[in-house]
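Okay, here's what each chain looks like letter by letter:
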Amino acid sequence: MAETIPDLRNVPKARAYAELKGHSDAILEGIDDDVTAMATMAALVHHAFGYLWTGFYRVVVPGQLLRVGPYQGSLGCLDIAFGQGVCGAAAAEMETVVVADVDKYHGHITCDARSRSEIVVPVLDRRGDLIAVLDVDSDRLDAFNAEDQQGLERLVSWFATTKQ
């Protein structure tokens, strides 16, 4: 099935995320593979909003290590320890982390020097176990807000509601 990705950069965020969630749900209907879903969501978010880097870091050692998974953009860091950087903090705390200016975030890991702001959303499975984090980087300062947090959290809720 060929699917086009809508350009949502000039659409109000709440509406944009609702539209993106609808596209994602339709594309992933009948799919029960996490990697397929991660690849699909990364492509949708990345191209719909024109972000610098969009992708997942998967839990490979629970409570200890994340490894880069499906993503869009320049090369990402390969491994990130829980508690290190924005991704590691979101994984360790199991809470979304929004960073308006990565240069002011103590311990920020620079994978791409063009990154100026970032949001990282924990991804939970049906049991409530952390399976990954969704990391989105922008080349603009203060690119993410509560609407992005809510929209991305709703998008990755697919993993908690899908048979796995």
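Please refer to the structure higher up on the page.
Residues numbered from 1 in each chain as written. Predicted model: local features only at pLDDT ≥ 70, side-chain atom pairs only at ≥ 80, totals over all residues. Heavy atoms only, no water.

**Observations concerning the overall build of the chain**
Inclusion rule: The helix and strand labels rest on DSSP assignments: H or I over at least four residues marks a helix, E over at least two residues marks a strand, and numbering proceeds from the N terminus. For this measure, only C-alpha atoms enter the radius of gyration; the expected value for a globule follows 2.2 Å times N^0.38, where N is the number of residues. The contact rule is simple, with two residues in contact once any of their heavy atoms fall within 4.5 Å. For the purpose of charge, His is not counted, nor are the chain termini; Lys and Arg are scored as positive and Asp and Glu as negative. In this description, the location of a charge corresponds to atom NZ of lysine, CZ of arginine, CG of aspartate or CD of glutamate.
Secondary structure assignment for the chain yields 5 helices and 6 strands. Counting helices and strands in the order they occur from the N terminus, the chain gives α-α-β-β-β-α-β-β-β-α-α. In summary, the chain has a C-alpha radius of gyration of 15 Å against a globular reference of 15 Å for 164 residues, a match within 12%. By its C-alpha atoms, the chain is 40 × 35 × 25 Å across when sized along the principal axes. The long-range share in the chain, meaning contacts at least 24 apart out of those at least 6 apart in sequence, stands at 53%. Charged side chains in the chain number 14 positive and 24 negative. The centres of these two groups are separated by 1 Å.

**Let's talk about the sheet that holds strand E2 (residues 65-72)**
Spelled out, the test is: Strand pairing is assigned whenever DSSP identifies at least 2 bridges connecting the two strands. To define axes, lines are fitted to C-alpha atoms, for helices over the stretch in contact only, and angles between the resulting N-to-C directions are given on a 0 to 180 degree scale.
What the 6 strands build is an open sheet, ordered E3-E2-E1-E6-E5-E4; its pairing is antiparallel. Two strands lie at the open edges of the sheet, namely strand E3 (79-81) and strand E4 (97-99), each paired on one side alone. Pairs of neighbouring strands in the sheet enclose a mean axial angle of 25 degrees, with direction left out of account. Across the face of the sheet, helix H4 (residues 146-156) comes into contact with strand E1 (53-61), E4, strand E5 (117-124) and strand E6 (130-138) while running at roughly 30 degrees to E5.

**A look at empty space enclosed by the protein**
What counts is decided by this rule: Cavities and pockets are found on a 1 Å grid laid over the protein atoms alone: a cavity is a set of points where a 1.4 Å probe fits but cannot escape, a pocket is an open set with protein on both sides within 12 Å along at least five of seven lines, and a lining residue has an atom within 4 Å of such a point. Grid points are joined across faces, edges and corners, and a volume is the space filled by probe spheres set on the points.
Counted according to the given criterion, the structure contains 1 cavity of 30 Å³ or more. What lines the largest cavity is a set of 18 residues, and nearest its centre among them are Ile109, Cys111, Glu118, Asp135 and Asp137. Counting only elements with at least two residues in the lining of the largest cavity, the list comes to E1, helix H3 (85-93) and E6. Considering each element in turn, the lining of the largest cavity owes the most residues, 3 residues, to H3.

**Quick word on the layout of surface pockets**
Just so we agree on the cut-off: Three classes are used: nonpolar for Ala, Val, Leu, Ile, Met, Phe, Trp, Tyr, Cys and Pro, charged for Asp, Glu, Lys and Arg, and polar for all others, with Gly counted as polar.
Estimated volume of the largest pocket: approximately 160 Å³. If you go around the largest pocket, the residues you meet are Leu8, Arg9, Val11, Lys13, Phe49, Gly50, Tyr51, Ser138, Asp139, Arg140, Ala143 and Asp148. Here the lining of the largest pocket is composed, by residue class, of 5 nonpolar, 2 polar and 5 charged.

**Details of the pattern of salt bridges**
Using the following cut-off: We count a salt bridge whenever a side-chain nitrogen from Lys or Arg sits within 4 Å of a carboxyl oxygen from Asp or Glu. Working definition: with a 1.4 Å probe on protein chains only, accessible area under 20% of the residue-type maximum means buried, over 50% means exposed, and in between means partly exposed.
What the rule picks out here adds up to 7 salt bridges. In this structure, Arg9 engages Asp7 in a salt bridge whose closest nitrogen and oxygen atoms are separated by 2.7 Å. On the basis of relative accessible area, Asp7 is assigned to the partly exposed category, the value being 46%. Note that Asp125 is salt-bridged to Arg127, the shortest N-O span being 3.1 Å.

**A closer look at the packing of aromatic side chains**
Selection rule: Stacked, edge-to-face and tilted are the three classes for Phe, Tyr and Trp ring pairs, Trp counted by its six-membered ring, which pair at centre distances within 6.5 Å; planes under 30 degrees apart are stacked, over 60 edge-to-face, the rest tilted.
All chains considered together, the criterion is met by 7 aromatic pairs. Note on Tyr17 and Phe49: the rings are 4.9 Å apart at their centroids and 35 degrees apart in plane angle, and the pair reads as tilted. One end of the pair, Tyr17, is in helix H1 (residues 13-28); the other, Phe49, is in helix H2 (residues 34-49), with 32 residues separating them in the sequence. Tyr17 gets classed as buried once you look at its relative accessible area, which sits at 4%. Ring plane angle 85 degrees and centroid distance 5.0 Å describe the contact between Trp158 and Phe159, whose orientation is recorded as edge-to-face. Comparing Trp158 with Phe159, the two get one shared label, buried.

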